[in-house]
Amino acid sequence: MKKLQYILMLLCATACFTACSSDRESNPVFEAPTEFKLNTPALVNNLYDLKNSASIVLTCSQANYPYTAPAAYTVEVALSKEGFEKEAFKVLPTVHNKAKMEIPAAEMAVALTELSGKEEAAFPYETPVFVRVKSEIPNTGNSAETAIYSNVVELPRVQVYYAIPPVELPTQMNIIGDMVGWKWENAFAMIPTHSNPDIFWRIVYLPEGKELKFNANREWDGGQFGAKATIHDLAGAGISGNDNIKVAKGGWYLVIVRNEIAGSKLVNHVYFAAPNVYLFGATNGGVWDHAQAPLFTVPATDKEEFVSPAFVAAGEIRACVNLNVDDISGVDWWKSEFIVLGGKIAYRGVGGDQDRVSGAVGQKLYLNFTDGTGKVK
């Protein structure tokens, strides 16, 4: 009998051990990788001429992850081995999914140009370059846990040419200044212009003696600009300032920003124009050009509303500004049109034709550009 009891106890223990083992296999516990090697190229002592090369080929081992998964590799470069410890390195933008990586030479040239801090006249020049690779498993919910860095490999002879990232027009623009307490969360978003990606505009009230500036991003990232832009004072605003733009004459303005690419630089133009708002189309009697369309009245303070003339006919309500000021031309009225939907000013921007709103004879359109509201009554 005792012998039978011993056999049963042994069977239970074995079953329990098997169940625990099976559970561990079906729910593997992640263990951070500890081994990941970047190989030294066989021809490492040859000259790497970035100007006349399409790519540089690097290979690495696969990190010892506890399970099989596709890894993503990013390449980092520095001008010294210590650069990786001192945050003096650049991450190249291309992400590789194979342990054999073809590094675009142009990407490396841009990174090394920025790291060098040298003027264009100092290029080309030869320098050692230090490279490491980060491996991680993407889309895990916490890829940082899977990240591991390789050893550092030196490429002793790299010929670097002057390379800068391609300049692109910004896709958004914001106004910040005293009128919003210099807080980016309160900044005025400018309106993009349909079919004219270089132009942004906004009707805004600028207090007397106060300052402002602009930036594509709503942050202090170095891209902000003010008085260093090319200023076009078309409304007697009395612009001054060395950094911020200071407005001597307070009031309402049509503020326009036009960006242009000049070689490798982005040039900013800022226009201060009269705050003319036009009633267009059916409700004005069928006028479709700025020269004849009636204007809204302009309020004296930032709390009051722009008011259209009374509608002379029933039909669709259309309103716009005129962006053809100074050296800007050829911008059709509908590219800067807007209406009121649900009590809010709705700008067409770069979108398609908007939902239409109709008005009756004798009604007027009221617009508050400070809080973005409007109404028809």
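Report on the accompanying structure. Nothing here was measured: the structure is a model prediction, and the numbers come from that model.

The next subject is the environment of Arg218. By the secondary structure assignment, Arg218 is in the loop between strand 13 (211-215) and strand 14 (230-233). By relative accessible area, which is 37% here, Arg218 ends up partly exposed. Separated by 45 residues in sequence, Arg218 and Met173 place their C-alpha atoms 8.5 Å apart. If sequence neighbours within four positions are ignored, Arg218 has contacts with Asn174, Trp184, Glu185, Asn186, Ala187 and Ala189. A polar atom in the side chain of Arg218 sits 2.8 Å from the side chain of Asn174. A distance of 3.0 Å separates the side chain of Arg218 from the backbone oxygen of Ala187, its partner in a polar contact.

It is characteristic of soluble globular proteins that their nonpolar side chains tend to be buried jointly. Within the largest apolar cluster, 36 residues are counted, with the highest numbers of intra-cluster contacts made by Leu50, Val77 and Met101. Secondary-structure elements contributing two or more residues to this core are strand 2 (55-59), strand 3 (72-78), strand 5 (100-104), helix 2 (105-116), strand 6 (125-136) and strand 8 (153-160). For this core, the element with the highest residue contribution is helix 2, accounting for 6 residues. Non-local contacts of Leu50, meaning those with residues more than four positions away in its chain, are made with Ile56, Ala105, Met108, Ala109, Leu112, Val158, Gln159, Val160 and Tyr161. The next biggest cluster of nonpolar side chains, apart from the first, holds 27 residues, and it includes Ile199, Phe311, Val321 and Leu323.

Time to look at the side chain of Lys213. By the secondary structure assignment, Lys213 is in strand 13. Here Asn244 takes part through its side chain, which lies 3.1 Å from a polar atom of the side chain of Lys213. Every residue in contact with Lys213, bar those within four places of it in the chain, is listed here: Asn174, Ile175, Ile176, Trp182, Trp220, Gln224, Phe225, Gly226, Asp243 and Asn244.

A few words now on the sheet that holds strand 11 (residues 191-193). Within a sheet, each strand pairs with its neighbour through backbone hydrogen bonds, oriented either parallel or antiparallel. The 5 strands are arranged 11-12-17-18-14 in an open sheet whose pairing can be described as mixed. Whereas interior strands pair on both sides, the edge strands pair on one side only; in this sheet they are strand 11 and strand 14. In this sheet, neighbouring strand axes are inclined to one another by 25° on average, regardless of whether the strands run parallel or antiparallel. Across 4 bridges, strand 14 lies against strand 18 (residues 265-273) in parallel orientation. Within strand 18, the residue paired with Thr230 across the bridge is His269.

About the criteria used
Residues numbered from 1 in each chain as written. Predicted model: local features only at pLDDT ≥ 70, side-chain atom pairs only at ≥ 80, totals over all residues. Heavy atoms only, no water. Helix = DSSP H or I, 4+ residues; strand = E, 2+ residues; numbered from the N terminus. Buried < 20%, exposed > 50% of the residue type's maximum accessible area, 1.4 Å probe, protein only. Contact = heavy atoms within 4.5 Å. Polar contact = N/O pair within 3.5 Å; in protein donor to acceptor, adjacent residues only side chain to side chain. Core = buried A, V, L, I, M, F, W, Y, C linked by side-chain atoms within 4.5 Å. Pairing = 2+ DSSP bridges. Axes fitted to C-alpha atoms, helices over the stretch in contact; angles between N-to-C directions.

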